[in-house]
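# A closer look at the structure
In case you want the letters, here they are:
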Amino acid sequence: MLLSELAGKLGLELTGEDREFSGLNTLEAASESEVSFLANPRYTHFLDSTRACAVIVAAEHAGRVPRALISANPYLDFARASALFVRRQGDCSGVSPLAVVHPSAEIGRGTGVHPYACIGAGSRIGENCLIFPGVYVGEDCLVGDNCILYPNSVLLAGVSLGDDCVLHSGAVIGTDGFGFAIMGGQMRKIPQIGSVCLEKGVDVGANTCIDRATLGATRIGADSKLDNLVQIGHNVSMGEQCLIISQVGIAGSTKVGDRVTMAGQAGISGHINIGDDVTIGPKSGVPKDIPAGTKGSGSPFMEGRTFLRTATIIPKLPEIYRRMQQLEKEVEALRNELAQAQGPDGGAD
Amino acid sequence: MLLSELAGKLGLELTGEDREFSGLNTLEAASESEVSFLANPRYTHFLDSTRACAVIVAAEHAGRVPRALISANPYLDFARASALFVRRQGDCSGVSPLAVVHPSAEIGRGTGVHPYACIGAGSRIGENCLIFPGVYVGEDCLVGDNCILYPNSVLLAGVSLGDDCVLHSGAVIGTDGFGFAIMGGQMRKIPQIGSVCLEKGVDVGANTCIDRATLGATRIGADSKLDNLVQIGHNVSMGEQCLIISQVGIAGSTKVGDRVTMAGQAGISGHINIGDDVTIGPKSGVPKDIPAGTKGSGSPFMEGRTFLRTATIIPKLPEIYRRMQQLEKEVEALRNELAQAQGPDGGAD
Amino acid sequence: MLLSELAGKLGLELTGEDREFSGLNTLEAASESEVSFLANPRYTHFLDSTRACAVIVAAEHAGRVPRALISANPYLDFARASALFVRRQGDCSGVSPLAVVHPSAEIGRGTGVHPYACIGAGSRIGENCLIFPGVYVGEDCLVGDNCILYPNSVLLAGVSLGDDCVLHSGAVIGTDGFGFAIMGGQMRKIPQIGSVCLEKGVDVGANTCIDRATLGATRIGADSKLDNLVQIGHNVSMGEQCLIISQVGIAGSTKVGDRVTMAGQAGISGHINIGDDVTIGPKSGVPKDIPAGTKGSGSPFMEGRTFLRTATIIPKLPEIYRRMQQLEKEVEALRNELAQAQGPDGGAD
């Protein structure tokens, strides 16, 4: 593709001489036949050393590179450029004779079902979906249009997915919630008779687990995105446009608002409420409700400024302890000195 | 079903007029055709607003709802009621011609083996088991009666399961323990020649991993329940009736007693002993032995009361640091004042 | 096998009378027909009670057991002995007629492909590999010689593996990196058009996920070993001979040096540098660069000695807070006493 073609497709101004390029790469790794971009200011210094033939940049940086694609939002325009180079995989038309589709299941037009996928009785798969090998869809599931179920992802019975959902490999939706109780010395299973409902545009990361509700449904709101190895407990209800990073765990019955971000390895207790627009930092431990709009981190979770100050002080704890012991000695010495200065009658008159 | 039938099956007293109902749901979500229950006091206020046609409640609350099923243990009776509404999935009789079962493997009566499951040489599967698609059972495994192996769960060679075990989707039992050592600058693998033994009634959550022992066996005691995404290292030995919540990790060779509860994301070091009836809070980091009966939390793990107090103080650390600096200034000022008050000869006579 | 044969194969001196043995086990669990070893000093006391017929030990301990195999490195020699007892599993010659191999894919000599494995268009699998059931290899992947892909492991399109790599069950390599951004109120996916490259000798644990790069490649260096349930974000670049223990998460674009060890549940932020020979303790939270050679732990990450001291002090925080309040009272009292002692004119002359 020519740089001028790319500029045309993205509606950007190209500075410098036109030429062919072969793909996209980072500033650091790009070869002379690749285009790059600058979105994170931390990488600005790479502008001087990059071999990229052109860079998608804000106007202020355009003069630092031989050829620039000037953008008001370089990250967005890089994303749009990338979309032109996405590798399609697993293309497949129709239902493979090596797939097992129950006679009562319905498969929409344009949907491809690979070998070794299984679709259970009563399930309905929408149009233009892609069902990879090793996928299991249990009984009475609903899958919307344009969904992708990557290899070995699993929908247990009765789960429903809106349009445009993506399940990455090994994702498991609708496994029984963890409901056990020791009653009278006996371990008893609490039956999990609810389901799971993913709204439109939800992505579920590789090996992420979303549990079936005890009653009712576990819900993930439209356009929420879950990264890999995340655990969503039974009866969690999550709003729209949330970003849940890898290895986060959300315990049962917790309610999460819209546009909530949870960074990696955060853990959220059960039966609590996380308001809209909350941002939770990495490794946070959240034991109770968080009001809307709060940004914070830590275990226990603290508002952001408190967390940052606390994080600075924790490594000083040994020093603090020593200084406190020193203070105790000094106060003791002062008390003795003062008593002595006041003489035997203690200045108490 | 009629409310009176449900009351009869559970042996509970029904107050109010009989009527039909369609299922169970939470107090908050129940429609007028559904029955609900109250077990967690935090939800008592929903009694006033629920639309449920009847509620399983303790006698003290029976007057607050139009129809009550009076129970000495509402949670238990809800569980018993739920069992009447459990969705059966994956029913299957006999061995699918699309499954690969080695001629030397034995499959018990009443056991269903779905398409695309593989059962290795020398393995024996008990009676009335259900083996879903994509399950892999390696060579020389033993699986007891009434076990359920959900889609894409994996037993590597030589693993044994007691009766009534459940493996949820993507669970992996018997993968090599993580045994590597850099010796003389070379990375060497320590062969893992042991196995894994799950006793009767063990549940293993989705995508949970239990490693093969280096020597001997990794053991999980009867009726212990593991949630999703849990990691059990090689040669761990766990007692009976343990509850291990999601994303917990237990490192190699650690011994865990009976009736131990570990909450989400707790991490347990290797080569230590956790006594009977220990409860470990969420996100705990346990570096050393815990005596029987201890309840606690934190990283490092602390006894419960200490943990709670500590958790209150951590967000005050910035304030504590400031107050300590203030104290140091004041003590310094006092020392100076006292020296001045005592005059040049220092009151040392 | 005779003890003398074992001694001969390992090149070790045998003390005591020769006899047959059946296998290897730990000191604690060994029967009289098994050989054991002592490598961890914490288990030295088991020498007195073990029933093992012989023990691989350092010379200093040889006198404490009836038969010793005297070793300068008992752990290494135990590993060498174990290698003689490794169970082979999944042996398989050639491509199963129940596997789906695209006509354009190439399978090397001596490689076995089990039923229900899928190999995509344009992929090349080396010699003497073992591909278990349920494995998915997408389009245009490269797999070196002597690789083992355990059941249900997944390579998405375009991933490359060097020789001698092992993917344990459920490992997922090359799923899309987590690239989303809310732009103008809309959730947008950032296309992930890079790939993943594992060099020679990399092991990937069960259900571990390694994400495809946004651009370029996510790289794992030669002989690095990843345990189960690990998350490697897009564009991570890891050096050689690293040991990454279970449930670790490394966020996107972070660079990790050679011979780095990360203990269980550690979390590493994105876009940072971890130097060579760094050791990161369990549950650490690493927000910024760590220089080469550092050993430490904690969240936030601290140098080792600071961490150990801090961990001792955290449980004392309630006591520290109380002592500080006490100090404040005493200083206040001293100030008052001193003011009184100095009289109304304050000693200010």
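Structure report, in brief.

What counts and what doesn't
- Residues numbered from 1 in each chain as written.
- Chains lettered and ligands numbered in written order.
- Predicted model: local features only at pLDDT ≥ 70, side-chain atom pairs only at ≥ 80, totals over all residues.
- Heavy atoms only, no water.
- Helix = DSSP H or I, 4+ residues; strand = E, 2+ residues; numbered from the N terminus.
- Rg over C-alpha atoms; globule rule 2.2 N^0.38 Å.
- Contact = heavy atoms within 4.5 Å.
- Areas by Shrake-Rupley, 256 points an atom, 1.4 Å probe, with all protein chains shown as cover.
- Lys, Arg positive; Asp, Glu negative; His and termini not counted.
- Charge placed at Lys NZ, Arg CZ, Asp CG, Glu CD.
- Buried area = accessible area lost by both parts, 1.4 Å probe.
- Salt bridge = Lys/Arg side-chain N within 4 Å of Asp/Glu carboxyl O.
- Nonpolar A, V, L, I, M, F, W, Y, C, P; charged D, E, K, R; others polar.
- Least-squares fit on C-alpha atoms with pLDDT ≥ 70 in both.
- Pairing = 2+ DSSP bridges.
- Axes fitted to C-alpha atoms, helices over the stretch in contact; angles between N-to-C directions.
- Parallel < 35°, antiparallel > 145°, perpendicular 65-115°, else oblique.
- Left-handed = near helix turned anticlockwise from the far one by under 90°.
- Buried < 20%, exposed > 50% of the residue type's maximum accessible area, 1.4 Å probe, protein only.
- Arc of directions from axis to C-beta.
- Polar contact = N/O pair within 3.5 Å; in protein donor to acceptor, adjacent residues only side chain to side chain.
- Phe/Tyr/Trp six-rings, centres within 6.5 Å; stacked < 30°, edge-to-face > 60°.
- Patch = residues over 30% accessible without salt bridge, like charges linked within 9 Å, V, L, I, M, F, W, Y side chains within 5 Å.

On a plain count of helices and strands, chain A comes out with four helices and 37 strands. For a compact globule of 349 residues, the expected C-alpha radius of gyration is about 20 Å, and chain A comes in at 29 Å, more than 25% above that figure. The C-alpha extent of chain A, read off along each of the three principal axes, is 105 × 75 × 30 Å. Within chain A, contacts between residues at least 6 apart in sequence are counted, and of these 17% link residues at least 24 apart. When the accessible surface of chain A is summed, it comes to about 13400 Å², and 50% of that surface belongs to carbon and sulfur atoms. Counting 29 positive and 38 negative side-chain charges, chain A places the centres of these two groups 3 Å from one another.

How large an interface is tends to be reported as the accessible area lost when its parts come together. Tallying the contact residues gives 76 residues for chain C and 65 residues for chain A. The largest per-residue losses of area from chain C upon contact with chain A belong to Phe178, Met187 and Leu215 of chain C, which jointly make up 12% of the total buried on that side. At the junction of chain C with chain A, the criterion picks out four salt bridges. A salt bridge links Lys255 of chain C to Glu28 of chain A, with the nearest nitrogen and oxygen atoms 3.2 Å apart. Elements that contribute at least two residues to the side of chain C that touches chain A include exactly β18 (172-175), β19 (180-183), β20 (186-189), β23 (209-211), α3 (304-313) and α4 (317-342) of chain C. Here the element with the most residues in the side of chain C that touches chain A is α4 of chain C; it accounts for twelve residues. Among the residues making up the side of chain C that touches chain A, the classes are represented as 38 nonpolar, 24 polar and 14 charged.

On to the relation of the copies chain C and chain A, then. Its rotation angle being 120 degrees, the transformation that places chain C on chain A also includes 0.1 Å of axial translation and leaves an RMSD of 0.1 Å. Both copies of the chain, as the preceding transformation shows, are related through a three-fold rotation axis. Taken together, the interface assignments show that only 20% of the residues at the interface of chain C recur at the interface of chain A, consistent with different surfaces on the two copies.

Another point: the pairing of β19 of chain C. Residue and element names in this part refer to chain C. Relative to β20, β19 runs antiparallel, the two sharing four bridges. In the sheet register, Ile182 faces β20, and the bridge partner there is Met187. The loop that links β19 with its antiparallel partner β20 comprises two residues; one of these, Gly184, has a positive phi angle of about 55 degrees.

What follows deals with the packing of helix α1 (residues 3-10) of chain B against helix α2 (residues 74-83) of chain B. Residue and element names in this part refer to chain B. In the contact formed by α1 and α2, the axes pass within 10 Å of each other and the chain directions differ by 115 degrees. The orientation of α1 relative to α2 falls into the category roughly perpendicular. Read as a crossing pair, α1 and α2 show a hand that is right-handed. For the pair α1 and α2, contact is made by Leu6, Lys9 and Leu10 and by Asp77, Arg80 and Ala81, respectively.

This next bit is on helix α1 (residues 3-10) of chain C. All names here are of chain C. For α1, the complete set of buried residues consists of Leu3, Leu6, Ala7 and Leu10. For α1, the arc enclosing every buried residue in end-on projection is 100 degrees, short of the 170-degree limit, so these residues lie on one face. In this fold, the buried residues of α1 make contact with β1 (13-14), β3 (34-37), β4 (54-57), β5 (68-70) and α2 (74-83). Directly after α1, the chain includes Gly11, whose backbone phi takes a positive value near 70 degrees.

Another point: helix α2 (residues 74-83) of chain A. With seven of its ten residues buried, α2 of chain A lies for the most part within the structure. When we look at burial in α2 of chain A, the residues that qualify are Pro74, Leu76, Asp77, Phe78, Ala79, Ala81 and Ser82 of chain A.

What follows concerns the relation of the copies chain A and chain B. Mapping chain A onto chain B calls for a rotation angle of 120 degrees and an axial translation of 0.0 Å; the resulting RMSD is 0.1 Å. Interface overlap between copies: only 20% of the residues of chain A at the interface are likewise at the interface in chain B, consistent with a contact formed by different surfaces.

Our focus in this paragraph is the interface of chain A and chain B. The partner chain B presents 65 residues to the 76 residues of chain A that form the contact. Contact with chain B buries area across many residues of chain A, yet Phe178, Met187 and Leu215 of chain A alone supply 12% of it, more than any other trio. Remark: the boundary between chain A and chain B carries four salt bridges. The interface formed by chain A and chain B contains 26 residue pairs in polar contact (both at pLDDT 80 or more).

Below, the discussion takes up unusual backbone geometry. In the segment running from Ser299 of chain A into Pro300 of chain A, the intervening peptide bond is cis, with an omega of 5 degrees. Mapped onto the elements of the fold, Pro300 of chain A is located in the loop between β36 (295-297) and β37 (302-303). If you check the backbone angles, Asp164 of chain B has positive phi at about 60 degrees while not being a glycine. Its relative accessible area of 30% is what places Asp164 of chain B among the partly exposed residues. If you check the backbone angles, Asp277 of chain C has positive phi at about 60 degrees while not being a glycine. Summarising the element assignment, Asp277 of chain C is placed in the loop between β33 (273-274) and β34 (279-280).

What follows covers the packing of aromatic side chains. This model, assessed by the stated rule, comprises 27 aromatic pairs over all chains. Between Phe37 of chain B and Tyr75 of chain B the ring centres are 6.4 Å apart and the planes differ by 35 degrees, which places this aromatic pair in the tilted class. Placement of Phe37 of chain B in strand β3 (residues 34-37) and of Tyr75 of chain B in helix α2 is noted, with a sequence separation of 38 residues between them. The exposure class of Phe37 of chain B is buried, given its relative accessible area of 16%. According to the relative accessible area criterion, Tyr75 of chain B is partly exposed, its value standing at 30%. An angle of 25 degrees between the planes, with centres 5.0 Å apart, marks the rings of Phe132 of chain C and Tyr150 of chain C as stacked. Taken as a pair, Phe132 of chain C in the loop between β11 (130-131) and β12 (136-137) and Tyr150 of chain C in the loop between β14 (148-149) and β15 (154-155) lie far apart in primary sequence, 18 residues in all. Under the relative-accessibility criterion, Tyr150 of chain C is labelled buried at 10%. The structure contains a cluster of three or more aromatic residues connected by ring pairs, namely Phe37, Tyr75 and Phe78 of chain A.

As a further point, take the sheet that holds strand β5 (residues 68-70) of chain A. Residue and element names in this part refer to chain A. Strand order in the open sheet formed by five strands is β1-β5-β4-β3-β2, and the pairing between neighbours is mixed. Both edges of this open sheet fall to β1 (13-14) and β2 (23-24), since each of them pairs with a single strand only. When strand β4 (residues 54-57) meets β5, the two strands line up parallel, connected through three bridges. Bridging across to β5, Ile56 finds its partner in Leu69. With respect to the sheet, α2 is in contact with β2, β3 (34-37) and β4, its orientation differing from that of β4 by roughly 130 degrees.

Moving on, we come to a negative patch on the surface. A surface patch of negative charge is lined by Glu5, Glu17, Asp18 and Glu20 of chain A. Tracing the chain through its elements places Glu5 of chain A in helix α1 (residues 3-10).

Backbone hydrogen bonds are what pair the strands of a sheet, in a parallel or an antiparallel way. A sheet is described by the order of its strands in space; here eleven strands give the open sequence β8-β11-β14-β17-β22-β25-β28-β31-β34-β36-β37 (chain A), paired in mixed fashion. Looking along the sheet, the strands with just one partner apiece sit at the ends: β8 (112-113) and β37 of chain A.

Here the focus is the pattern of salt bridges. Opposite charge on two side chains permits them to pair, given that their charged atoms come into close proximity. Inspection of the entire model under this criterion finds 45 salt bridges over all chains. When the shortest N-O distance is used, the salt bridge between Lys225 of chain B and Asp203 of chain B registers 3.1 Å. Taken together, the residues span a long stretch of sequence, with Lys225 of chain B in strand β25 (residues 225-226) and Asp203 of chain B in strand β22 (residues 203-204) at a distance of 22 residues. Per residue, the accessibility class of Lys225 of chain B equals that of Asp203 of chain B, and both read buried. Where salt bridges share partners, they join Asp176, Lys189 and Arg212 of chain A into one cluster.

Let's shift gears to the side chain of Gln231 of chain B. The residue Gln231 of chain B is located in strand β26 (residues 231-232) in this model. Residue classification places Gln231 of chain B among the buried positions, given a relative accessible area of 4%. At 2.9 Å, the side chain of Gln231 of chain B forms a polar contact with the side chain of Asn228 of chain C. Setting aside residues no more than four positions away along its own chain, Gln231 of chain B makes contact with Cys209, Asp211, Val248, Gly249 and Ile250 of chain B together with Asp227, Asn228, Leu229, Ser246 and Gln247 of chain C.

A separate point is the environment of Ile173 of chain C. All names here are of chain C. On the secondary structure map, Ile173 appears in strand β18. Between the C-alpha atom of Ile173 and that of Leu161, which follows or precedes it by twelve residues, the distance is 9.9 Å. For Ile173, the residues in contact, after removing those within four places along its chain, are Val154, Leu155, Leu156, Val159, Leu167, Val196, Val204 and Ile210.

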